[in-house]
Amino acid sequence: ETRGNPQWANLPRKFNIAISGSRDDFAHTHINDVGMQPCAHAETGEMGFNIVLGGFMSIKRVAESVDSGMWIPADRESVVTFCEAILRIFRDESERKNRQAARLMFLVEKYGVEEFKAAVIKEVESYGRGVKVQDQQPRETDVFERRELLGVHPQKQEGKVRVGVHVPAGRLSQTECRDLADLADKYSAGEIRMTVEQNLIFPNVDEGKVKEMLAEPVLGKGSRMSASPGFIEGNVVSCTGAQFCGLALIETKGNAEALSKKLEDLVTVDRPIRIHWTGCPNSCGQVQVADIGIMGGPARKEIDGKKMAVPGCKIFVGGRIGEDAHLAMEPIASGIPLDEEDLIPTLVDILKKEFGAVDKN
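Our subject in this report is the structure included herewith. (Residues numbered from 1 in each chain as written. Predicted model: local features only at pLDDT ≥ 70, side-chain atom pairs only at ≥ 80, totals over all residues. Heavy atoms only, no water.)

Observations concerning the packing of helix H1 (residues 76-93) against helix H2 (residues 104-111)
Logical step 1: Interhelical geometry of H1 versus H2 gives an angle of 90° and a closest axis separation of 11 Å. Considering the angle they form, H1 stands roughly perpendicular to H2. Here Ile86, Ile89, Phe90 and Glu93 of H1 come into contact with H2, specifically with Leu104, Leu107 and Tyr111.
Logical step 2: Broken down by class, the residue content of the contact of H1 with H2 amounts to 6 nonpolar, no polar and 1 charged. (Axes fitted to C-alpha atoms, helices over the stretch in contact; angles between N-to-C directions. Helix = DSSP H or I, 4+ residues; strand = E, 2+ residues; numbered from the N terminus. Parallel < 35°, antiparallel > 145°, perpendicular 65-115°, else oblique. Contact = heavy atoms within 4.5 Å. Nonpolar A, V, L, I, M, F, W, Y, C, P; charged D, E, K, R; others polar.)

Thoughts on the environment of Gln174
Logical step 1: The topology assignment puts Gln174 in helix H4 (residues 174-187).
Logical step 2: Spatially, the C-alpha atoms of Gln174 and Phe49 are 39 Å apart, while their sequence positions differ by 125 residues.

Considerations on the sheet that holds strand E7 (residues 134-135)
Logical step 1: Read from one edge to the other, the open sheet built from 5 strands follows the order E1-E2-E3-E6-E7, with strand pairing classed as mixed. Only two strands of the sheet have a single neighbouring strand rather than two, namely strand E1 (17-19) and E7.
Logical step 2: With 6 bridges joining them, strand E3 (residues 47-53) and strand E6 (residues 66-73) adopt antiparallel strand pairing. Each bridged residue has a counterpart across the sheet, and for Phe49 the counterpart in E6 is Ile72.
Logical step 3: Strands E1, strand E2 (34-40), E3 and E6 of the sheet are contacted by H1, whose axis makes an angle of about 140° with E6.
Logical step 4: Against the sheet, helix H3 (residues 113-126) makes contact with E3, E6 and E7, and its axis sits at roughly 25° relative to E6, the strand it touches most. (Pairing = 2+ DSSP bridges.)

Considerations on the pairing of E2
Logical step 1: With 5 of 7 residues buried, E2 is to be regarded as a mostly interior element.
Logical step 2: In this sheet, E3 lies alongside E2 in antiparallel orientation, the contact comprising 7 bridges. When the bridges of E3 are listed, Met36 appears paired with Ile51. (Buried < 20%, exposed > 50% of the residue type's maximum accessible area, 1.4 Å probe, protein only.)

Examining the packing of aromatic side chains
Logical step 1: Scanning the entire structure with this criterion turns up 3 aromatic pairs.
Logical step 2: Centre to centre, the rings of Phe56 and Phe106 are 5.8 Å apart; their planes meet at 50°, and the pair counts as tilted. Pair noted here: Phe56 is in strand E4 (residues 56-57) and Phe106 is in helix H2, with a separation of 50 residues, a long-range link.
Logical step 3: Judged by relative accessible area, which is 24%, Phe106 ranks as partly exposed.
Logical step 4: With centroids separated by 5.5 Å and ring planes inclined at 75°, the aromatic side chains of Tyr111 and Phe116 adopt a geometry described as edge-to-face.
Logical step 5: Taking NZ or CZ as reference, Arg61 lies 5.0 Å from the ring centre of Phe106, over its face. (Phe/Tyr/Trp six-rings, centres within 6.5 Å; stacked < 30°, edge-to-face > 60°. Lys NZ or Arg CZ within 6 Å of the ring centre and 35° of its normal.)

A closer look at the sheet that holds strand E10 (residues 193-194)
Logical step 1: Taken in spatial order, the 4 strands line up as E8-E9-E11-E10 in an open sheet, and their pairing is antiparallel. Two strands bound the open sheet, and with one partner strand each, they are strand E8 (151-154) and E10.
Logical step 2: Here E8 runs beside strand E9 (residues 160-165); their pairing, made up of 4 bridges, is antiparallel. Across the sheet, the residue bridging to Gly151 is Gly164, located in E9.

What follows is the structure, given as structure tokens:
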């Protein structure tokens, strides 16, 4: 049977559940309908999840998730039951006439956070499965640095490492897919994991084989892929773009890959700078979470003495991910043409003013 569960086949709109296993929050819980953030119970020490609700991105509104005031144990029964309770309420009570208002955040706001919490707890208890929803637990407050996914990093298993490989703009050819599959068969027991940032992780690589792996042609100088990309090109994210999406106003992936390489040639930065591209205001490329977000939009440029409509963009600055997540809601610039002669100087200026970039010699 591959038809799925008919119980949830008629939701008012899409529903995203993000579960993070560490404080790094690699799942980006703050922009999903239900986000589960790991947190030990303050009294018992039992591991569980603080729940955040209502994060989403759309053409009409972008919203960051809010604390629900709820904590659940990190066992399968509790997690499934809790999600089922929220889905039931969402399915039966959410908006069905106005598609733009058919996301969980609107229902939470309609109830009020405390009232929605009470409704969820009542629903969970009605299932009679012994699942207990408790009050939100205090988050850890000590200094924590979000880990990097690209490059070679030790695992907790002795003698094993994970190797993060950059995939420019998240785009792979058929040949590249086969080459990467062969790489996995040879070094990571056929396993490849994908990141939210459109890159790849090869887990459980023998520490003694790393040098050999990095010397493989698929990760060499002639390849698009690399385990040690620059701080700019290695952190580009892009939506599908106009080549294959009818909603996109601009081509994103080709521009994202080309311009990131150009920026690497022009400036030096001392830390990863996340640049996200999205072709339209639906923000599938999640520009609001990026250090620099580029959203397709209208622009005008003087050509042969006349102002002409050209592909352009809005630019967002200052989004954050991880424990200190923050969405950059408003663009700092609009109507910037996509031509390199217009966009590159604008991006270089932002990199210098906001992120301490310096010219390369």
